[in-house]
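Residue-level structure breakdown
What follows is each chain in one-letter form.
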Amino acid sequence: MKRLTIVFLLILQATTILKAQEVVNKTEKWRIGVSMGTGYLMASTKETAKAFEQLGVEYDKAKKGVDKLKWQLQFGGDVHYLFQSGWGIGLKYQYAQSDGNINDLVINMNGDGLTNVVGDINFKYLINYIGPSFFTKSKIGNNRRLFFTGLFSMGYSHLRIEQTTLDYPLLGTSSSAGLFASLGLEYYLKQYVSLGCDLGVFGSSFKKIKYNNGYDTWKTDLGDSSDNISNLNLSFNIRFYL
(Lines give C-alpha, C1' and ligand atoms only; values in the text may rest on other atoms or scores of the structure.)
Protein backbone atom coordinates (compact mmCIF):
# COMPACT_ATOMS: atom_id res chain seq x y z
CA MET A 1 0.00 0.00 0.00
CA LYS A 2 2.81 2.35 0.89
CA ARG A 3 4.54 1.61 -2.40
CA LEU A 4 1.35 2.32 -4.34
CA THR A 5 1.05 5.63 -2.54
CA ILE A 6 4.61 6.54 -3.46
CA VAL A 7 4.05 5.54 -7.12
CA PHE A 8 0.83 7.57 -7.20
CA LEU A 9 2.62 10.62 -5.79
CA LEU A 10 5.41 10.26 -8.34
CA ILE A 11 2.91 10.05 -11.20
CA LEU A 12 1.02 13.05 -9.83
CA GLN A 13 4.24 15.00 -9.58
CA ALA A 14 5.26 14.09 -13.15
CA THR A 15 1.83 15.06 -14.45
CA THR A 16 2.04 18.38 -12.64
CA ILE A 17 5.44 19.08 -14.24
CA LEU A 18 4.13 18.24 -17.71
CA LYS A 19 1.11 20.46 -17.20
CA ALA A 20 3.38 23.26 -16.06
CA GLN A 21 5.43 22.83 -19.25
CA GLU A 22 2.33 22.73 -21.42
CA VAL A 23 0.92 25.92 -19.94
CA VAL A 24 3.93 27.77 -21.31
CA ASN A 25 2.51 27.19 -24.77
CA LYS A 26 -1.13 27.61 -23.85
CA THR A 27 -3.04 29.13 -26.72
CA GLU A 28 -4.31 32.62 -25.96
CA LYS A 29 -6.49 34.88 -28.07
CA TRP A 30 -4.13 37.82 -28.63
CA ARG A 31 -0.45 38.11 -29.48
CA ILE A 32 1.07 41.59 -29.09
CA GLY A 33 4.70 42.36 -29.92
CA VAL A 34 7.14 45.27 -30.12
CA SER A 35 10.48 45.16 -31.93
CA MET A 36 13.68 47.09 -32.52
CA GLY A 37 16.47 46.44 -35.01
CA THR A 38 18.38 47.56 -38.05
CA GLY A 39 17.84 47.48 -41.81
CA TYR A 40 20.03 47.69 -44.89
CA LEU A 41 18.74 49.23 -48.14
CA MET A 42 19.28 46.94 -51.13
CA ALA A 43 18.98 49.59 -53.87
CA SER A 44 22.04 51.11 -55.54
CA THR A 45 22.94 54.71 -54.66
CA LYS A 46 24.82 55.42 -57.92
CA GLU A 47 21.98 57.34 -59.59
CA THR A 48 21.48 59.56 -56.54
CA ALA A 49 25.20 60.28 -56.38
CA LYS A 50 25.17 61.20 -60.10
CA ALA A 51 22.27 63.60 -59.48
CA PHE A 52 24.36 65.39 -56.85
CA GLU A 53 27.30 65.37 -59.27
CA GLN A 54 25.21 67.37 -61.75
CA LEU A 55 24.86 70.01 -59.02
CA GLY A 56 28.62 70.33 -58.83
CA VAL A 57 29.34 67.82 -56.05
CA GLU A 58 32.28 65.44 -56.53
CA TYR A 59 30.93 61.97 -57.31
CA ASP A 60 33.02 60.09 -54.73
CA LYS A 61 32.08 62.57 -52.04
CA ALA A 62 28.40 62.36 -52.96
CA LYS A 63 28.48 58.54 -53.08
CA LYS A 64 30.06 58.33 -49.62
CA GLY A 65 27.43 60.65 -48.16
CA VAL A 66 24.45 58.94 -49.81
CA ASP A 67 25.69 55.48 -48.80
CA LYS A 68 25.06 56.46 -45.18
CA LEU A 69 21.35 56.18 -45.97
CA LYS A 70 21.71 52.44 -46.49
CA TRP A 71 21.82 51.69 -42.76
CA GLN A 72 18.50 52.17 -40.99
CA LEU A 73 17.30 52.23 -37.41
CA GLN A 74 13.96 50.43 -37.15
CA PHE A 75 11.10 50.12 -34.70
CA GLY A 76 7.95 48.11 -35.10
CA GLY A 77 4.95 46.42 -33.60
CA ASP A 78 2.33 43.82 -34.41
CA VAL A 79 -0.90 42.52 -32.99
CA HIS A 80 -2.58 39.27 -34.03
CA TYR A 81 -5.74 37.43 -33.14
CA LEU A 82 -4.99 33.72 -32.74
CA PHE A 83 -7.55 31.34 -34.19
CA GLN A 84 -5.47 28.30 -33.25
CA SER A 85 -2.17 27.70 -31.47
CA GLY A 86 -0.26 27.82 -34.74
CA TRP A 87 -1.62 30.79 -36.69
CA GLY A 88 -3.50 34.07 -36.61
CA ILE A 89 -4.24 37.27 -38.51
CA GLY A 90 -3.67 40.88 -37.47
CA LEU A 91 -1.80 44.10 -38.21
CA LYS A 92 1.90 44.87 -38.74
CA TYR A 93 3.56 48.30 -38.32
CA GLN A 94 7.18 49.18 -39.16
CA TYR A 95 9.11 52.46 -38.91
CA ALA A 96 12.57 53.02 -40.38
CA GLN A 97 14.90 56.02 -40.36
CA SER A 98 18.26 56.68 -41.99
CA ASP A 99 20.46 59.78 -42.20
CA GLY A 100 23.16 60.98 -44.58
CA ASN A 101 25.20 64.10 -45.23
CA ILE A 102 27.71 65.64 -47.62
CA ASN A 103 29.90 68.19 -45.88
CA ASP A 104 32.15 71.08 -46.95
CA LEU A 105 30.68 71.62 -50.40
CA VAL A 106 31.63 74.42 -52.76
CA ILE A 107 28.65 75.06 -55.08
CA ASN A 108 28.08 77.74 -57.71
CA MET A 109 24.43 78.56 -56.95
CA ASN A 110 23.66 81.23 -59.61
CA GLY A 111 25.55 79.63 -62.49
CA ASP A 112 27.97 82.53 -63.14
CA GLY A 113 31.01 80.34 -62.47
CA LEU A 114 32.39 82.92 -60.06
CA THR A 115 30.13 83.13 -57.01
CA ASN A 116 30.63 80.01 -54.92
CA VAL A 117 28.85 79.08 -51.70
CA VAL A 118 30.36 76.76 -49.07
CA GLY A 119 28.08 74.57 -46.96
CA ASP A 120 26.62 71.14 -46.24
CA ILE A 121 23.83 68.93 -47.49
CA ASN A 122 21.93 66.89 -44.90
CA PHE A 123 19.19 64.43 -45.75
CA LYS A 124 16.96 62.05 -43.83
CA TYR A 125 14.66 59.23 -44.97
CA LEU A 126 11.63 58.40 -42.78
CA ILE A 127 9.57 55.35 -43.77
CA ASN A 128 6.28 54.20 -42.26
CA TYR A 129 4.59 50.95 -43.18
CA ILE A 130 1.32 49.42 -41.97
CA GLY A 131 -0.75 46.54 -43.28
CA PRO A 132 -2.79 43.42 -42.47
CA SER A 133 -0.65 40.38 -41.73
CA PHE A 134 -0.72 36.61 -41.37
CA PHE A 135 1.28 34.95 -38.58
CA THR A 136 2.24 31.32 -38.05
CA LYS A 137 4.43 29.37 -35.62
CA SER A 138 5.47 25.77 -35.05
CA LYS A 139 7.29 24.00 -32.23
CA ILE A 140 10.91 22.98 -32.82
CA GLY A 141 11.38 19.32 -31.89
CA ASN A 142 10.28 18.42 -28.37
CA ASN A 143 11.21 21.81 -26.96
CA ARG A 144 8.05 23.32 -25.50
CA ARG A 145 9.54 26.81 -25.25
CA LEU A 146 11.27 27.30 -28.63
CA PHE A 147 9.25 27.98 -31.79
CA PHE A 148 9.88 28.74 -35.45
CA THR A 149 7.80 31.73 -36.63
CA GLY A 150 6.77 33.33 -39.91
CA LEU A 151 4.93 36.53 -40.83
CA PHE A 152 3.68 37.97 -44.12
CA SER A 153 2.04 41.34 -44.68
CA MET A 154 0.91 43.55 -47.57
CA GLY A 155 -0.15 47.15 -47.03
CA TYR A 156 0.63 50.87 -47.26
CA SER A 157 4.03 52.56 -47.08
CA HIS A 158 4.82 56.27 -46.80
CA LEU A 159 8.12 57.99 -47.55
CA ARG A 160 9.21 61.34 -46.11
CA ILE A 161 12.48 62.93 -47.27
CA GLU A 162 13.88 65.81 -45.25
CA GLN A 163 16.79 67.58 -46.95
CA THR A 164 18.68 70.76 -46.16
CA THR A 165 21.03 72.17 -48.81
CA LEU A 166 23.17 75.08 -47.62
CA ASP A 167 20.46 75.94 -45.03
CA TYR A 168 17.69 75.76 -47.66
CA PRO A 169 15.08 73.14 -46.58
CA LEU A 170 13.35 70.73 -48.94
CA LEU A 171 10.61 68.25 -48.06
CA GLY A 172 9.62 65.29 -50.22
CA THR A 173 6.70 62.92 -49.62
CA SER A 174 5.22 59.94 -51.42
CA SER A 175 2.99 56.90 -50.86
CA SER A 176 2.98 53.43 -52.34
CA ALA A 177 2.10 49.79 -51.75
CA GLY A 178 4.51 47.72 -49.69
CA LEU A 179 5.07 44.25 -48.33
CA PHE A 180 6.83 42.77 -45.34
CA ALA A 181 7.85 39.16 -44.63
CA SER A 182 9.97 37.61 -41.89
CA LEU A 183 11.17 34.31 -40.45
CA GLY A 184 12.38 33.95 -36.90
CA LEU A 185 12.74 32.15 -33.60
CA GLU A 186 10.64 32.73 -30.48
CA TYR A 187 11.48 31.55 -26.96
CA TYR A 188 8.98 31.60 -24.11
CA LEU A 189 10.37 33.09 -20.91
CA LYS A 190 7.13 32.60 -19.02
CA GLN A 191 3.57 31.57 -19.75
CA TYR A 192 2.59 34.83 -21.46
CA VAL A 193 5.94 36.40 -22.39
CA SER A 194 8.43 35.51 -25.12
CA LEU A 195 11.58 36.90 -26.72
CA GLY A 196 12.33 36.58 -30.42
CA CYS A 197 14.71 37.33 -33.25
CA ASP A 198 13.45 37.85 -36.83
CA LEU A 199 15.15 38.14 -40.20
CA GLY A 200 12.91 40.02 -42.61
CA VAL A 201 12.58 41.71 -45.96
CA PHE A 202 10.62 44.87 -46.76
CA GLY A 203 9.73 45.89 -50.30
CA SER A 204 8.44 49.22 -51.62
CA SER A 205 9.31 51.80 -54.29
CA PHE A 206 8.06 55.27 -55.24
CA LYS A 207 7.68 56.65 -58.78
CA LYS A 208 6.25 60.09 -57.98
CA ILE A 209 7.49 62.36 -55.20
CA LYS A 210 5.90 65.62 -54.12
CA TYR A 211 8.38 68.33 -53.07
CA ASN A 212 7.93 71.50 -51.02
CA ASN A 213 10.65 74.09 -50.36
CA GLY A 214 8.50 76.40 -48.28
CA TYR A 215 7.62 78.59 -51.27
CA ASP A 216 6.64 76.26 -54.10
CA THR A 217 5.21 72.76 -54.44
CA TRP A 218 5.85 70.44 -57.36
CA LYS A 219 5.82 66.76 -58.29
CA THR A 220 8.63 64.76 -59.84
CA ASP A 221 7.97 61.62 -61.87
CA LEU A 222 11.00 59.34 -61.52
CA GLY A 223 9.81 57.00 -64.28
CA ASP A 224 11.92 53.86 -64.59
CA SER A 225 14.42 55.09 -61.97
CA SER A 226 11.94 54.88 -59.07
CA ASP A 227 13.09 55.48 -55.51
CA ASN A 228 13.50 51.93 -54.20
CA ILE A 229 13.57 51.67 -50.40
CA SER A 230 13.46 47.86 -50.14
CA ASN A 231 15.61 46.48 -47.35
CA LEU A 232 16.81 43.45 -45.46
CA ASN A 233 16.31 43.77 -41.71
CA LEU A 234 17.15 42.08 -38.42
CA SER A 235 14.99 42.74 -35.37
CA PHE A 236 14.75 41.66 -31.74
CA ASN A 237 11.34 41.61 -30.10
CA ILE A 238 9.31 40.90 -27.00
CA ARG A 239 5.76 39.54 -27.26
CA PHE A 240 2.88 39.19 -24.87
CA TYR A 241 0.05 36.66 -25.05
CA LEU A 242 -3.30 37.71 -23.64
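Residues numbered from 1 in each chain as written. Predicted model: local features only at pLDDT ≥ 70, side-chain atom pairs only at ≥ 80, totals over all residues. Heavy atoms only, no water.

The next point concerns the overall build of the chain. Each helix and strand counted, the chain has three helices and 12 strands in total. Here the chain holds 242 residues, and the buried ones make up 35% of them. Entry remark: accessible area of the chain is about 14,300 Å², with carbon and sulfur atoms responsible for 62%. (Helix = DSSP H or I, 4+ residues; strand = E, 2+ residues; numbered from the N terminus. Buried < 20%, exposed > 50% of the residue type's maximum accessible area, 1.4 Å probe, protein only. Areas by Shrake-Rupley, 256 points an atom, 1.4 Å probe, with all protein chains shown as cover.)

With that settled, the discussion passes to the packing of helix H2 (residues 46–54) against helix H3 (residues 59–67). Look at H2 against H3: their axes get within 8 Å of each other, and the N-to-C directions meet at 130°. In terms of orientation, H2 lies oblique with respect to H3. For the pair H2 and H3, the sense of crossing is right-handed. Contacts between H2 and H3 involve Lys46, Thr48, Ala49, Lys50, Phe52 and Glu53 from the first element and Tyr59, Ala62, Lys63 and Val66 from the second. (Axes fitted to C-alpha atoms, helices over the stretch in contact; angles between N-to-C directions. Parallel < 35°, antiparallel > 145°, perpendicular 65-115°, else oblique. Left-handed = near helix turned anticlockwise from the far one by under 90°. Contact = heavy atoms within 4.5 Å.)

If you walk through the whole model with that rule in mind, you get six salt bridges. In this structure, arginine 160 engages glutamate 162 in a salt bridge whose closest nitrogen and oxygen atoms are separated by 2.7 Å. In this structure arginine 160 comes out as partly exposed when scored by relative accessible area, which is 32%. One connected set of salt bridges, linked through shared partners, spans Arg31, Asp78 and Glu186. (Salt bridge = Lys/Arg side-chain N within 4 Å of Asp/Glu carboxyl O.)

Moving on, we get to the nonpolar core. Among the nonpolar cores identified, the biggest contains 24 residues, and Phe52, Ile102, Phe123, Leu159 and Ile229 are the most heavily contacted of them. Broken down by secondary-structure element, the contributors of at least two residues to this core are H2, H3, strand E3 (87–108), strand E4 (116–139), strand E5 (146–165) and strand E9 (208–212). No other element matches the five residues that E4 contributes to this core. Leaving out residues up to four positions away in the same chain, isoleucine 229 has contacts with Leu41, Tyr125, Ile127, Leu159, Phe202, Ser204 and Phe206. (Core = buried A, V, L, I, M, F, W, Y, C linked by side-chain atoms within 4.5 Å.)

Time to look at H3. For H3, the set of buried residues is Ala62, Gly65 and Val66. When H3 is viewed along its axis, its buried side chains cluster within an angular range of 95° and face the same direction. Across H3 from its buried face, at more than 90 degrees, point the exposed residues Asp60 and Lys64. (Arc of directions from axis to C-beta.)

Take the pairing of E5 next. Sheet topology note: the E4/E5 ladder contains 17 bridges and is antiparallel. Counterpart to isoleucine 121 in the pairing with E5 is threonine 165. A loop of two residues connects E5 with strand E6 (residues 168–188), the two strands running antiparallel in sequence, and leucine 166 in this loop sits at a positive phi of about 50°. (Pairing = 2+ DSSP bridges.)

So, on to a nonpolar patch on the surface. A contiguous nonpolar surface patch, about 780 Å² in accessible area, is contributed by Trp30, Ile32, Val79, Leu91, Tyr93, Ile130, Tyr156, Phe240 and Leu242. Where the nonpolar patch is concerned, the elements lending two or more residues are strand E1 (30–41) and E3. With respect to the secondary-structure elements, leucine 242 resides in the segment after strand E12 (231–241). Relative accessible area serves as the criterion here: at 56%, leucine 242 is assigned to the exposed category. (Patch = residues over 30% accessible without salt bridge, like charges linked within 9 Å, V, L, I, M, F, W, Y side chains within 5 Å.)

Before going further, it helps to examine the pairing of E1. The alternating pattern of E1 places Arg31, Gly33, Ser35, Gly37, Gly39 and Leu41 on a buried face, while none of Trp30, Ile32, Val34, Met36, Thr38 and Tyr40, on the opposite face, is buried. Sheet topology note: the E1/strand E2 (residues 71–84) ladder contains 11 bridges and is antiparallel. When the bridges of E2 are listed, serine 35 appears paired with glycine 76. Bridge count between E1 and E12: 11 bridges; the pairing is antiparallel. Pairing of glycine 39 across the sheet is with asparagine 233, part of E12.

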